[in-house]
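Listed here are the chains, written in short residue letters.
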Amino acid sequence: QVQLVESGGGLVQPGGSLRLSCAASGIRFSISAMGWYRQAPGKQRELVASITSGGTNYADSVLGRFTISRDNAKSTVYLQMNSLKPEDTAVYYCYVAAMGVLKYNYWGQGTQVTVSS
C-alpha cells in the first residue's frame, strides 16, 4: 500500500512561515520526482515546486520565498514557506512520481494553509 502523509499546515499571519512535510512509504518503484501542488477555491491547481536529482523548479509566484528539499533516505519531501501572503492560501498536495515499466503518480491527502490577518 502506497501512502503519502502530509503535515505542517495551519493558520498564519501575512509574513509568517510554515514548513510542510510529506513522508512516502510503500513505493516499489524508483522515485523520479517529488513536489507540491496547491489549489485554492475557484482556482486551477498549480505546481508550486518540484525536485529531482537534476535540481529544483518553482512557480514564479513563490520563487525566492519557498524552498523545496528532500531526504532520500526517509523518502520525505519538505516545503519551507517564508514571507507568506494571503494569495498563498490553498490546500497543498504532495506528489511523488515513480518509474518502473510504467509511470506512476501518487498524491497526498492535502493540508490546508491559510494566510490571514
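See the structure above.
Residues numbered from 1 in each chain as written. Predicted model: local features only at pLDDT ≥ 70, side-chain atom pairs only at ≥ 80, totals over all residues. Heavy atoms only, no water.

## Thoughts on the environment of D88
Right, on to step 1. Looking at where D88 falls in the secondary structure, it is placed in the loop between β8 (76-81) and β9 (90-99).
Right, on to step 2. The spatial distance from the C-alpha of D88 to the C-alpha of V113 is 7.5 Å, given a sequence separation of 25 residues.
Right, on to step 3. A polar atom in the side chain of D88 sits 2.8 Å from the backbone nitrogen of K85. (Helix = DSSP H or I, 4+ residues; strand = E, 2+ residues; numbered from the N terminus. Polar contact = N/O pair within 3.5 Å; in protein donor to acceptor, adjacent residues only side chain to side chain.)

## Details of the environment of P14
Right, on to step 1. Here P14 lies in the loop between β2 (10-12) and β3 (18-25).
Right, on to step 2. Here P14 falls in the partly exposed class, since its relative accessible area comes to 40%.
Right, on to step 3. Residues P14 and Y78, 64 residues apart in the sequence, show an inter-C-alpha distance of 21 Å.
Right, on to step 4. Leave out the neighbours within four places in its chain, and P14 touches L84, P86, V115, S116 and S117. (Buried < 20%, exposed > 50% of the residue type's maximum accessible area, 1.4 Å probe, protein only. Contact = heavy atoms within 4.5 Å.)

## Digging into the packing of aromatic side chains
Right, on to step 1. Applying the stated criterion to the full structure yields five aromatic pairs.
Right, on to step 2. Taking the centre distance of 4.6 Å and the plane angle of 5° together, the rings of F29 and Y104 count as stacked. Here F29 is found in the loop between β3 and β4 (30-39), whereas its partner Y104 is found in strand β10 (residues 103-107), with 75 residues between them in sequence.
Right, on to step 3. Given a relative accessible area of 33%, F29 falls into the partly exposed group.
Right, on to step 4. Consider the rings of Y37 and W107, whose centres lie 5.2 Å apart with planes at 55°: the pair is tilted. Remark: W107 occurs in strand β10 and Y37 occurs in strand β4; sequence separation between them is 70 residues. (Phe/Tyr/Trp six-rings, centres within 6.5 Å; stacked < 30°, edge-to-face > 60°.)

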